[in-house]
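Given next are the chains, with one letter for each unit.
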Amino acid sequence: MQNNAQPLNEMLVSKSLSAADYVPTLDAMLSRTLARIALKKEQGLRTPDELWIVDHNDVYTLGQAGKEEHILQRTNTPIIKTDRGGQVTWHGHGQLVIYWLFDLESLGWSVRNMVSHAEQAIEDVVNDCLKSHASNSVNTSADISAHARRDAPGVYLYSHLNTASNENAQSLSNAPADDAIMLGKIASLGFKIKHGFSYHGVAINLDCDLSAFNAINPCGYAGMQMLRLADFVAMDEQTQDEQMAVQAAEQSMQTIANCLSYQQVTQKLIDNIAKRHAGHIQLRALAPK
């Protein structure tokens, strides 16, 4: 497991963890949060917030109030009870997980603010990818867009019959147009708040094997179709380590230029979150319920 801290601004750093087992990652995240809480309470110190960029080894996690009934089939993949909100989900390679270790009080954010920032950051990045890297195999990508829902946390993809109405809807609150058809869910959210500090975070399906979700009711929703970005945009199918080797050797540059890589999507999302953390991107109006 690698852990490389990178400053994003004066009060935000990112750390990358690869091939990370879930339990030691959770233990480290909780330990860091408790240490930050103690420093603030005992010494009045505000410590930099942290984004943990995690590539997890395969695992199912069951939220604090999670119901076993949403696990439909037992497999060789571990099932871990955890302390975040929400029901059961899967994490694994090809999925981008970002944990938000934020001091909400110092940011002036409510929990609802944080959830909305998380959803809107994912909307921004996924919609940018859909517009700029549409896959040749998906001719309708230009009419597909990402939106949050007020009744179910996360980000979902919608197909629009009327592109003009879609653009009008997005200009208001990024709500899907009235004629939009929900295709499924591309990103999940689950946070834990302790003494005003958040941990846990978001998971976005980039180029993962979605069959792992067949063994569960994702996030507690029976029949929820899970989606991945690679089925809607052109993505480099190399592994993360292979991509880094190619970039270092300056090979296959034309392929990299035409296809999104896992790292590029990750960086887009980190940049968007960092701007929101610094106050440079304000919340849009929330979509109606």
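Bear in mind that the values here come from a model prediction, so they are computed numbers and not experimental data.

S.K.: Quick rundown of the sheet that holds strand β6 (residues 88-91)? Include the residues and the values.
M.R.: The sheet built from 3 strands is open, its strands ordered β5-β4-β6 with mixed pairing. Unpaired on one side and paired on the other, β5 (79-81) and β6 mark the two borders of the sheet. The average angle at which neighbouring strand axes cross in this sheet is 30 degrees, direction not considered. Bridge count between strand β4 (residues 59-62) and β6: 4 bridges; the pairing is antiparallel. Within β6, the position partnered with T61 by the bridge is T89.

S.K.: If you had to explain the sheet that holds strand β9 (residues 155-159) to someone new, which residues and values would you point to?
M.R.: Pairing is mixed across the open sheet formed by 8 strands, whose spatial order is β1-β2-β3-β7-β11-β10-β9-β8. The strands lining the two open edges of the sheet, one partner per strand, are β1 (4-9) and β8 (144-148). Looking at each pair of strands side by side, their axes are set apart by 20 degrees on average, direction ignored. Pairing analysis gives 5 bridges linking β8 to β9, with the strands arranged antiparallel. Note that in β9 the partner of S145 across the bridge is Y158.

Thresholds applied
- Residues numbered from 1 in each chain as written.
- Predicted model: local features only at pLDDT ≥ 70, side-chain atom pairs only at ≥ 80, totals over all residues.
- Heavy atoms only, no water.
- Pairing = 2+ DSSP bridges.
- Helix = DSSP H or I, 4+ residues; strand = E, 2+ residues; numbered from the N terminus.
- Axes fitted to C-alpha atoms, helices over the stretch in contact; angles between N-to-C directions.

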